[in-house]
Amino acid sequence: MPNLSAPPQRTGPNIPLIIVCGSIVALISFGPRSAMGLLFQPMTDAREWSRELFALSIAIQNLMWGLGQPIAGMAADKLGMWKSATFGAILYGSGLYLMTTAETAAELYLAAGVMVGLGVAFSSFTLVLASFGRIADAKQRSFAFGIGTASGSLGQFLFAPLGVTLIEDYGWQATLILFAGLMLTLPLLAIPLRGKSAPYGSTGHKTDLKLGAAIAEAFGTRGYLLLTAGFFVCGFHVAFITVHLPPYIADVGLDPYWGGMAIALIGLFNIVGSLLSGYIGGHYSKPIFLSLIYFARAIAILVFVLLPPSPASILTFSAVMGLLWLSTVPPTTGLVAVMFGPRYMATLFGFVFLSHQIGAFLGVWLGGRLHDRFGSYDTTWWVAIALGVLAAIINWPISEKPVARLAQEPAE
C-alpha cells in the first residue's frame, strides 16, 4: 500500500545543463569587469582625470561587489539564482552604459563604482559556485568549483584581447556599450540555475539552522575567521594587478599591447590553475594548499619586481600569476562547504568574499594613490609581497572539518 504521507518525488536537477549555463554566466559576468584596466588610459585621457580618480571608481566597484555579495547570497538562497542574476544584469548593464556618459567624478563613481559593483555581486561566478555546490556531491564539489572558477577565467582571457581590439578599432565608449548589451543574455542563461537553497531537512542534516543562526555559527568559528582574513589578500593581489599592471607596463616604456597580453595570459593560465586547484583541493589538505598558493604569489611578485621589465619578464610573470590567480577560490569555497555544508553556502561565502573585496578596494585605490604620490608602483608591489607571506601564515592552521553540529551527521 503506498505511503500517502510521503512527499511527492521530484525530478532531479539537470546537472550538465546547470554546469554549462552556469559556466557561461560566470564567463560573461567576469569578462567586462576584468577588462577595466584596459579602459584606464583612454578614459583618463579623454576626460582629463587623474589616475587616482579612475582607480577610486574601480576601488568602489570592488567594495560594492563585496558589500553586495552577502546580500546577493541571501537573495539567491531565499529567492533563487534567476531573480538575483536578472537584477544583477540590469544593474551591471546600466552601469557599463552610464560609464560612457560620465563626465564628473560623481557620475563615474555611481556608474563604474556602485552600479557595476552591485551588478557583479548579484550575477557573478560566486553565486554560480553556490549553485554548483548544491548539485555536486562532496567528492566532486571541489572540482565543480574549479570548473566554475575556470569559466570566469576564460572570460578574462577572451575579454582582454577583445577589449584591446574593440578600443583600438571602435573606441572605449562603443566597447562599453557592447559589453552592456551582453548583460541582456544573463537572465536567459540563468534560468536553469533558478533553484534556491533547500528547505529545512532536505539536506539530510537533522541539525540544520535558520539563516541567522548559520551566520552567527560561522562568525563564531575560528577557521572561518582565518579563511576570511586570508581571502582579503587574494582580493588585494588580484585587483591591484588587474587594474594597475597595464598602466605599469606603459610606465616602464613598453607598448600597451603587452598590458592586454598580460591580462589575457593571466586569464588563460588561470583556467588551468583553477581546474588543477579544484582537483588538488578535492584530494589534499585545503588549508595547506592555500598557504602554498599565497607564498608562491609572494615569491612570484618578488622576482618580477627585482627583474628588469621586458616582454619576457611580463609574460612569464603573467603565466605564473595566472596559475595562482583564482586558484584560491576552489579550496576556499570548499572549506566553507566542509565546515558548514552547502545549504547557506551563497550567504556564508558571500561574507568571505566581502573580505576579498575590501582587499580589492585597497589594492586598486592604494595603487593609484601611491603612484600619484611617489610616481611609481614600487611601494604597492612590496606591500603585495608582505601580504602574501601573511596570508600563507594565516591559512596554515585552519582545521578542515565540519563544525560540531555536523560532525556526527552521515557523510554526503
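Everything below is about the structure printed above this text.
Heads up: these notes are all about the structure in this document. (Residues numbered from 1 in each chain as written. Predicted model: local features only at pLDDT ≥ 70, side-chain atom pairs only at ≥ 80, totals over all residues. Heavy atoms only, no water.)

### Re the overall build of the protein chain
- Helix and strand counts for the protein chain stand at 18 helices and zero strands.
- Taking 412 residues into account, the globule formula puts the C-alpha radius of gyration at 22 Å, and the protein chain, at 21 Å, falls close to it.
- The buried share of the protein chain, reckoned over its 412 residues, is 58%.
- A sequence separation of at least 24 residues applies to 87% of the contacts in the protein chain between residues at least 6 apart.
- For the protein chain, the computed accessible surface area is about 16400 Å², with 69% contributed by carbon and sulfur atoms.
- Taken as two groups, the 21 positive and 18 negative side-chain charges of the protein chain have centres that lie 17 Å from each other. (Helix = DSSP H or I, 4+ residues; strand = E, 2+ residues; numbered from the N terminus. Rg over C-alpha atoms; globule rule 2.2 N^0.38 Å. Buried < 20%, exposed > 50% of the residue type's maximum accessible area, 1.4 Å probe, protein only. Contact = heavy atoms within 4.5 Å. Areas by Shrake-Rupley, 256 points an atom, 1.4 Å probe, with all protein chains shown as cover. Lys, Arg positive; Asp, Glu negative; His and termini not counted. Charge placed at Lys NZ, Arg CZ, Asp CG, Glu CD.)

### With respect to the pattern of salt bridges
- On inspection of all chains with the given rule, the structure shows two salt bridges.
- In this structure, Arg369 engages Glu52 in a salt bridge whose closest nitrogen and oxygen atoms are separated by 3.5 Å. With Arg369 in helix 16 (residues 345-374) and Glu52 in helix 3 (residues 51-79), this residue pair connects regions lying 317 residues apart in the sequence.
- Measuring nitrogen to oxygen at the nearest pair gives 2.9 Å for the salt bridge that ties Lys286 to Glu400. Of this pair, Lys286 sits in helix 13 (residues 286-306) while Glu400 sits in the loop between helix 17 (378-395) and helix 18 (404-407), and the two are 114 residues apart along the sequence. (Salt bridge = Lys/Arg side-chain N within 4 Å of Asp/Glu carboxyl O.)

### Quick look at helix 6 (residues 125-135)
- For helix 6, a buried count of nine out of 11 residues is recorded, marking the element as mostly surrounded by other parts of the structure.
- Every buried residue belonging to helix 6 is among Phe125, Thr126, Leu127, Val128, Leu129, Ala130, Ser131, Phe132 and Gly133, and all of these are buried.

### Focus on unusual backbone geometry
- Here Glu48, not a glycine, exhibits a phi torsion of approximately 60°, which is positive.
- Its location among the elements puts Glu48 in the loop between helix 2 (36-47) and helix 3.

### Quick word on the packing of aromatic side chains
- For the structure shown, the criterion picks out 19 aromatic pairs.
- Here a set of aromatic residues connected by ring pairs shows up, and it is made of Phe236, Phe240, Tyr248, Phe304, Phe317, Tyr377 and Trp381.
- Of note, Arg33 hangs over the ring of Phe30, and the distance from its end group to the ring centre comes to 5.8 Å. (Phe/Tyr/Trp six-rings, centres within 6.5 Å; stacked < 30°, edge-to-face > 60°. Lys NZ or Arg CZ within 6 Å of the ring centre and 35° of its normal.)

### A look at the nonpolar core
- Of all hydrophobic cores here, the largest spans 122 residues; its most connected members are Leu39, Met43, Leu96, Met99, Ile241, Leu245 and Trp381.
- Take this core: its biggest share by element is 15 residues, from helix 11 (residues 222-251).
- If we skip the residues at most four places from it in the chain, Leu245 touches Phe240, Ala262, Ile266, Phe304, Ser318 and Trp381. (Core = buried A, V, L, I, M, F, W, Y, C linked by side-chain atoms within 4.5 Å.)

### Here we look at a nonpolar patch on the surface
- Together, Phe295, Ile299, Val303, Leu307, Val389 and Ile393 make up a nonpolar patch on the protein surface, roughly 520 Å² of accessible area in all.
- Of note, Ile299 is situated in helix 13. (Patch = residues over 30% accessible without salt bridge, like charges linked within 9 Å, V, L, I, M, F, W, Y side chains within 5 Å.)

### Things to note about helix 5 (residues 105-121)
- When the terminal C-alpha atoms of helix 5 are compared, their 22 Å separation across 17 residues agrees well with the 24 Å that a helix rising 1.5 Å per residue should span.
- The set of residues buried in helix 5 consists of Leu108, Ala111, Ala112, Gly113, Met115, Val116, Gly117, Gly119, Val120 and Ala121. (Expected span 1.5 Å × (residues − 1).)

### Considering the side chain of Gln357
- Take Gln357: it is sitting in helix 16.
- A distance of 3.0 Å separates the side chain of Gln357 from the backbone oxygen of Asn62, its partner in a polar contact.
- Here the side chain of Gln357 touches His356 through a polar contact of 2.6 Å, side chain to side chain.
- The contact partners of Gln357, leaving out residues within four places of it in the chain, are Asn62, Leu63, Trp65 and Gly66. (Polar contact = N/O pair within 3.5 Å; in protein donor to acceptor, adjacent residues only side chain to side chain.)

### Structural notes on empty space enclosed by the protein
- With the rule as written, the count across this model stands at three cavities of 30 Å³ or more.
- Size it by volume and the largest cavity reaches roughly 120 Å³.
- The wall of the largest cavity is formed by 19 residues, among which Arg33, Asn62, Trp65, Val238 and His356 lie closest to the centre.
- Where the lining of the largest cavity is concerned, the elements lending two or more residues are helix 1 (15-34), helix 3, helix 11 and helix 16.
- Considering only residue class, the lining of the largest cavity consists of 12 nonpolar, six polar and one charged. (1 Å grid on protein atoms, 1.4 Å probe; cavity = no way out; pocket = protein on both sides within 12 Å on 5 of 7 lines; lining within 4 Å. Points joined across faces, edges and corners; volume = space filled by probe spheres on them. Nonpolar A, V, L, I, M, F, W, Y, C, P; charged D, E, K, R; others polar.)

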